[in-house]
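Tertiary structure, described
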Amino acid sequence: MIKHGLLIVFWVAALLVFPVVNDTGVMAAEPESSMKIEARSAILIEPITGEILYEQEADVSLSPASVTKVMTLLLVMEEIEKGTLKFDETITVSPEAAAMGGSQIWLEPGEEMTVADLVKAIAIVSANDASYALAERLSGSHDAFVARMNERARELGLTNTKFVNCTGLSDDNPSAVGNLTSARDVAVMSRELIRHHEILKWTGTWIDYLRNGTSFLRNTNKLVRFYQGCDGLKTGFTNEAGFCLAATAKRNNVRLIAVVMKAATNDIRAKEISRLLNFGFGRLEAIRVVSQGEELARLPVIRGTEDTISAEAAVDYYLPTKRGTQPEITRQIHLGSKLKAPIQKGQKLGTMTVELNGKPVQEIDLLAITDIGKTNAFQFFAQVGRQSLTTLFARD
């Protein structure tokens, strides 16, 4: 059922209401006492609502190895979003970045590479040298970038996380404390990273190349190839950390994030992540909230060749829910005031806020459904006359 109400002159609200699941506003995870993950720590979440579907010692602080780069990539993508960093910008590699060991793309001191290719190298092969080069570009020095990593961790409420480098490499000194985080904290930072959908283009790539096809890249996350719908996110391994993986997959319009830390082998890591994802996909289904092109409201146009224009949803949008339940979903539509012609088809007219059980979860753009030209003086006065008569008869 959709209800419409006019709050101020050009503000419209539309409500789509379903029965409420519970009083908490959060879908409760189905208990699964029989499931035990073969790893030190694990968690499974649905990223739109943040619902925890499964957890196992999710708050234990452990070494994440290269899963550290979830935070590295998050800071990079946030700079891209702000416009302070461009994918086509060229970065000159420092001797310090080129000296990074472990997983790498063998950058040379003084070599130039675009931000896009450096991000690709991190996302696909977990390149430490590429991570260091981007860290220096963003913050001026590696240490300054690590400080930003820890600051962002605090902003996200990651209480079990402490970074000492941007790569996840262990220190040669066995007594030195390296990066620490928890499965829950990794899930939170992964959730934040995938808000930047473009990163999935690289984390979900199985094979690619750099340097005009001369450098071969194969994803360290084999689930990208072998698990249907998997398009990320970041692997990690050191002797101290064991085999770690923050994974994400999408099936039937439901996306999940699964984290496993300190598994004994690569195969066990992949198997246990697959079990978690299968568990989640078996319990959730997607409800279509709005369809792309769906007409949601009409609003007046000043000095237009048409008196009104329709606003349509820019995209399809789905919300996940536990199978067999119907949560309360509310659509709040906000349209701009004093809309003046000319208007182009596809022009943003407003937004729709989707709320789940009273909490906002997504904002969707509303676009003009057609072009509307600007009137000349004669057409304008004729339009004013029509509107005046309409108002007069409406009062009668």
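For the structure, check the block above.
Residues numbered from 1 in each chain as written. Predicted model: local features only at pLDDT ≥ 70, side-chain atom pairs only at ≥ 80, totals over all residues. Heavy atoms only, no water.

1. Description of the overall build of the protein chain
Threshold: Per the convention used, a helix needs a DSSP run of H or I reaching at least four residues, while a strand needs a run of E reaching at least two, with both numbered from the N terminus. With residues, only the protein chains shown are counted as cover, and all accessible areas are computed by Shrake-Rupley using a 1.4 Å probe.
Of the regular secondary structure elements, the protein chain holds 10 helices and 18 strands. When the accessible surface of the protein chain is summed, it comes to about 18,600 Å², and 51% of that surface belongs to carbon and sulfur atoms.

2. Quick word on the pairing of strand E16 (residues 329–335)
Heads up, the condition is: Each residue gets one of three labels from its accessible area relative to the maximum for its type: buried under 20%, exposed over 50%, partly exposed in between, using a 1.4 Å probe on protein chains only. Strands qualify as paired when DSSP identifies two bridges or more between them.
Most of E16 is tucked away: six of the seven residues are buried. With seven bridges connecting them, E16 and strand E17 (residues 348–356) associate as antiparallel partners. Each residue of the ladder has a partner; that of Ile329, found in E17, is Leu356.

3. Brief notes about a nonpolar patch on the surface
Rules: The patches reported here contain residues having more than 30% relative accessible area and no salt bridge. Joining distances are 9 Å for like charges and 5 Å for nonpolar side chains (Val, Leu, Ile, Met, Phe, Trp, Tyr). Note on definitions: salt bridges are taken to be side-chain nitrogens of Lys or Arg within 4 Å of carboxyl oxygens of Asp or Glu.
A surface patch of nonpolar side chains, about 290 Å² in accessible area, is lined by Ile207, Tyr209 and Phe216. Note that Tyr209 resides in strand E7 (residues 207–210).

4. Quick look at the sheet that holds strand E11 (residues 254–263)
Just so we agree on the cut-off: The axes are straight lines fitted to the C-alpha atoms, using for helices just the contacting stretch, and the angles between their N-to-C directions are given from 0 to 180°. It only takes one pair of heavy atoms within 4.5 Å for two residues to be counted as in contact.
Reading across the sheet, the five strands line up as E4-E3-E11-E10-E9 and stay open at both edges, with antiparallel pairing between neighbours. Each edge of the open sheet carries a strand with a single partner, namely strand E4 (51–56) and strand E9 (230–238). Mean inter-strand twist for the sheet, computed between neighbouring axes without regard to direction, equals 5°. Note: strand E3 (residues 41–46) against E4, five bridges, orientation antiparallel. Residue pairing for E4: Ile45 is matched across the bridge by Ile52. On the sheet, helix H9 (residues 266–281) packs against E3, E4, E9, strand E10 (242–251) and E11 and is oriented at approximately 150° with respect to E11.

5. As for the packing of helix H1 (residues 69–82) against helix H5 (residues 142–155)
Heads up, the condition is: When an angle is under 35 degrees it counts as roughly parallel; over 145 it counts as roughly antiparallel; between 65 and 115 it counts as roughly perpendicular; any other value is oblique. Think of it as three bins: nonpolar holds Ala, Val, Leu, Ile, Met, Phe, Trp, Tyr, Cys and Pro, charged holds Asp, Glu, Lys and Arg, and polar takes everything else, Gly as well.
Relative to each other, H1 and H5 sit at 90°, their axes nearing to 10 Å. It follows that H1 is roughly perpendicular to H5 by the angle criterion. Judged by residue contacts, Met71, Thr72, Leu74, Leu75, Glu78 and Glu79 of H1 engage Phe145, Arg148, Met149, Arg152 and Ala153 from H5. Considering only residue class, the contact of H1 with H5 consists of six nonpolar, one polar and four charged.

6. Things to note about the sheet that holds strand E13 (residues 295–300)
Strand order in the open sheet formed by five strands is E13-E14-E18-E17-E16, with antiparallel pairing between adjacent strands. Edge positions in the sheet fall to E13 and E16, since each has one partner strand and no second. Averaged over all pairs of adjacent strands, the angle between their axes in this sheet comes to 30°, without regard to strand direction. Relative to strand E14 (residues 308–313), E13 runs antiparallel, the two being bridged by five bridges. If you follow Glu295 over to E14, its bridge partner there is Glu312.

7. Remarks on the nonpolar core
Short version of the rule: In this text, buried Ala, Val, Leu, Ile, Met, Phe, Trp, Tyr and Cys residues form a nonpolar core when linked through side-chain atoms within 4.5 Å.
If you look at the biggest cluster of nonpolar residues, it comprises 66 residues, and the most contacted ones within it are Met71, Ile105 and Val259. The dominant element in this core, judged by the number of residues it contributes, is helix H3 (residues 115–125), at nine residues. Excluding its chain neighbours within four sequence positions, the residues that come into contact with Met71 are Met149, Arg152, Ala153, Leu156, Leu158, Phe163 and Met189. The next biggest cluster of nonpolar side chains, apart from the first, holds 29 residues, and it includes Leu44, Tyr54, Trp206 and Leu223.

8. Structural notes on the pattern of salt bridges
Where charged atoms from two side chains of opposite charge approach closely, those side chains can pair. Applying the stated criterion across every chain, the model contains 24 salt bridges. Two residues, Arg184 and Asp59, come together in a salt bridge whose shortest N-O distance is 2.6 Å. Residue Arg184 is located in helix H6 (residues 183–193), and its partner Asp59 is located in the loop between E4 and H1; the two are separated by 125 residues in the primary sequence. Residues Glu192 and Arg152 are paired through a salt bridge, measuring 3.6 Å at the closest nitrogen-oxygen approach. With Glu192 in helix H6 and Arg152 in helix H5, the pair connects residues that are 40 residues apart, well separated along the chain. With a relative accessible area of 13%, Arg152 lands in the buried category.

9. Here's the deal with the side chain of Asn179
As a reminder of what qualifies: Each polar contact in these results corresponds to two N or O atoms within 3.5 Å; when the atoms are within protein, one needs to be able to donate a hydrogen and the other to accept it, and residues that are neighboring in sequence are counted only if both atoms are side-chain atoms.
Following the sequence through the fold, Asn179 ends up in the loop between H5 and H6. A polar atom in the side chain of Asn179 sits 2.5 Å from the backbone nitrogen of Val164. Beyond its immediate stretch of four places on either side in the chain, Asn179 contacts Leu62, Ser63, Pro64, Thr68, Lys162, Phe163, Val164, Asn165 and Gly168.

These figures capture arrangement, not role.
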